[in-house]
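Geometric and topological summary
In case you want the letters, here they are:
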Amino acid sequence: MTDFYILAFSNFKTEQIILSVGIMIMYSLTIVGNLVISMIISLVPNLHTPMYFFLCNLSVVDVIYVSSSLPKLLSITITQDNRISFAGCISQLYFFTFSAACDILVLTSMAGDRYVAICKPLQYTLIMNRRVCGTMSTLCWIVSAVNSLMLTLLTSVLEFCHSREISHFFCDLKTMIALSSSDTTSRKIFIMIEDIIIAFIPFSLTVASYVQIISTILKIRSSETRFKAFSSCTSHLTAVILFYGPILIVYMKPESEYSKEQDNLISLLYVAVVPMLNPFVYSLRNKDVLDGVRKLTTSQQ
């Protein structure tokens, strides 16, 4: 197979240096931030709880998420060589779809954890035990891997005779299918079903969880207890809004109202910016994480 050509942000010729520096900063902050969060959770016993267990999973997934697309994009902006081999494109497609699905499932698991913690506090330790958390985490990774493998295999056998120019900054699944000269009707139906199972249902469960959580919090008479209960959900709720917000904008906005470059810029939000912000969202105003950092720094001195 011949090479593909990632057009990325080809219209921004004069801003390539600024774009390269921005991508490098975002990628570095994402890798360092998520690895630090994972290390703190692993080393501090007080953080060995279901919420932080899932947060550790989210951090690892986010590292894979950004590493599947940003290094190649950085290389393109620096060298101006936008070629990518067929094998490289398929590999990028696999790891991106895997990490994106895993992100959604882990965020949904975290919503379930917050639901049990707020709505069923007396049963929390019984329901969210180590075995349940381990099973939920394993399912997130296995389901994402199998789903991504199916999507990648279905895409890898397509023919690309008319054009190999990918009008995105990575090998996006829908862009690849639109580019193919093969009959992709069956793939589009499969992707629609897959979107419902992997994306819409988990998103609906997350929304339903927070409807119940907010309803339960509003019934609490003590304002102090109400604030404490809500504050335990703010980090996760912020991460959910940051993750789903740009995706909903990209997929729900009519195509005629925006250019492909604008679409790519919005996509860059959930591909690069959101994984970079997650460690800050979960640490800056989180007393448990900040206490864990103090304990680690104290023990090292």
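As the structure is a prediction and not an experimental result, all values here were calculated from the model.

Let us look at the state of the cysteines. Using the criterion set out here, one finds one disulfide in the structure. What pairs with C89 in a disulfide is C171, and their sulfur atoms sit 2.0 Å apart. On the sign convention where negative is left-handed, the bridge of C89 and C171, at about -120 degrees about the S-S bond, is left-handed. With C89 in helix α4 (residues 86-119) and C171 in the loop between β3 (165-166) and α7 (173-179), this pair connects stretches of sequence that are 82 residues apart. For C89, a relative accessible area of 0% translates into the label buried. Of all cysteine sulfurs, the one in C233 lies closest to C119, which takes part in no disulfide; the gap is 8.5 Å. Its sulfur unpaired, C133 is 11 Å from the next cysteine sulfur, which belongs to C140.

Turning to the UniProt feature "transmembrane region" (unreviewed entry) in the protein chain, a few remarks are in order. Look at the UniProt record and you will see "transmembrane region" (unreviewed entry) annotated at residues 17-44, 90-111, 132-154, 196-218, 230-252 and 264-284. For residues 132-154, the end-to-end C-alpha separation is 33 Å, with 100% helix and 0% strand making up the annotated structure.

Now for the sheet that holds strand β2 (residues 83-84). Judged by pairing direction, the sheet is mixed, and its three strands sit side by side in the order β2-β1-β3 without closing on themselves. Here the strands that pair on one side only, and so sit at the sheet edges, are β2 and β3. Of the pairings in the sheet, the one linking strand β1 (residues 4-6) to β2 comprises two bridges and is antiparallel in character. Residue F4 lies in a different strand from β2, and its bridge partner there is I84.

Between two packed helices, what matters for the description is the angle formed by their axes and the separation of those axes. The N-to-C vectors of helix α1 (residues 16-43) and helix α3 (residues 70-79) enclose an angle of 155 degrees; their axes lie 9 Å apart at closest approach. In terms of their interaxial angle, α1 and α3 are classed as roughly antiparallel. The hand of the α1/α3 crossing is left-handed. Of α3, the residues touching α1 (which contributes Q16, L19, S20, I23, M24 and Y27) are L70, P71, L73, L74, T77 and I78. Of the residues belonging to the contact of α1 with α3, the class tally is nine nonpolar, three polar and no charged.

Moving on: the packing of aromatic side chains. This model, assessed by the stated rule, comprises 11 aromatic pairs. With centroids separated by 4.3 Å and ring planes inclined at 45 degrees, the aromatic side chains of F96 and F170 adopt a geometry described as tilted. On the criterion of sequence distance, the pair formed by F96 in helix α4 and F170 in the loop between β3 and α7 is long-range, its members being 74 residues apart. For the pair F96 and F170, a shared accessibility class is recorded, and that class is buried. Every member of this aromatic cluster is reached through a ring pair, and the members are Y65, F96, F169 and F170.

A few words on the packing of α4 against helix α8 (residues 185-218). Taken N-terminus to C-terminus, the directions of α4 and α8 make an angle of 20 degrees; their axes are 9 Å apart at the nearest point. On the basis of the axis angle, α4 is roughly parallel to α8. In this structure, α4 meets α8 at a crossing whose hand is left-handed. Contacts between α4 and α8 involve A101, I104, L105, T108, A111, R114, Y115, I118 and C119 from the former and I198, A199, P202, L205, T206, S209, Y210, Q212, I213, T216 and I217 from the latter. Its residues assigned to classes, the contact of α4 with α8 comprises 14 nonpolar, five polar and one charged.

Turning to the pattern of salt bridges, a few remarks are in order. Within the structure shown, the criterion is met by three salt bridges. Across the pair R114 and D113 runs a salt bridge, and its minimum N-O distance is 2.9 Å. A residue is classified by how much of its surface remains accessible, and D113, at 0% relative accessible area, is buried.

This paragraph deals with unusual backbone geometry. Of note in this structure, Q80 is not a glycine but carries a positive phi near 65 degrees. Relative to the elements of secondary structure, Q80 occurs in the loop between α3 and β2.

So, on to α4. Given a rise of 1.5 Å per residue, 34 residues ought to cover 50 Å, and the 49 Å separating the end C-alpha atoms of α4 matches this to within 8%. For α4, the buried fraction is high: 26 of the 34 residues fall into the buried class.

Counting through the fold element by element, T155 comes out in helix α6 (residues 130-156). Dropping the residues within four chain positions of it, T155 is found in contact with L93, F160, L173 and M176.

Now for the environment of T30. Mapped onto the elements of the fold, T30 is located in helix α1. Given a relative accessible area of 0%, T30 falls into the buried group. For the pair formed by T30 and V273, sequence separation is 243 residues and the distance between their alpha carbons is 8.4 Å. If sequence neighbours within four positions are ignored, T30 has contacts with D62, V66, A272, P275 and M276. Separated by 2.6 Å, the side chain of T30 and the backbone oxygen of M26 make a polar contact.

The rules behind the values
- Residues numbered from 1 in each chain as written.
- Predicted model: local features only at pLDDT ≥ 70, side-chain atom pairs only at ≥ 80, totals over all residues.
- Heavy atoms only, no water.
- Disulfide = S-S within 2.5 Å.
- Helix = DSSP H or I, 4+ residues; strand = E, 2+ residues; numbered from the N terminus.
- Buried < 20%, exposed > 50% of the residue type's maximum accessible area, 1.4 Å probe, protein only.
- UniProt positions renumbered as here; feature names shortened; annotations may be inferred.
- Pairing = 2+ DSSP bridges.
- Axes fitted to C-alpha atoms, helices over the stretch in contact; angles between N-to-C directions.
- Parallel < 35°, antiparallel > 145°, perpendicular 65-115°, else oblique.
- Left-handed = near helix turned anticlockwise from the far one by under 90°.
- Contact = heavy atoms within 4.5 Å.
- Nonpolar A, V, L, I, M, F, W, Y, C, P; charged D, E, K, R; others polar.
- Phe/Tyr/Trp six-rings, centres within 6.5 Å; stacked < 30°, edge-to-face > 60°.
- Salt bridge = Lys/Arg side-chain N within 4 Å of Asp/Glu carboxyl O.
- Expected span 1.5 Å × (residues − 1).
- Polar contact = N/O pair within 3.5 Å; in protein donor to acceptor, adjacent residues only side chain to side chain.

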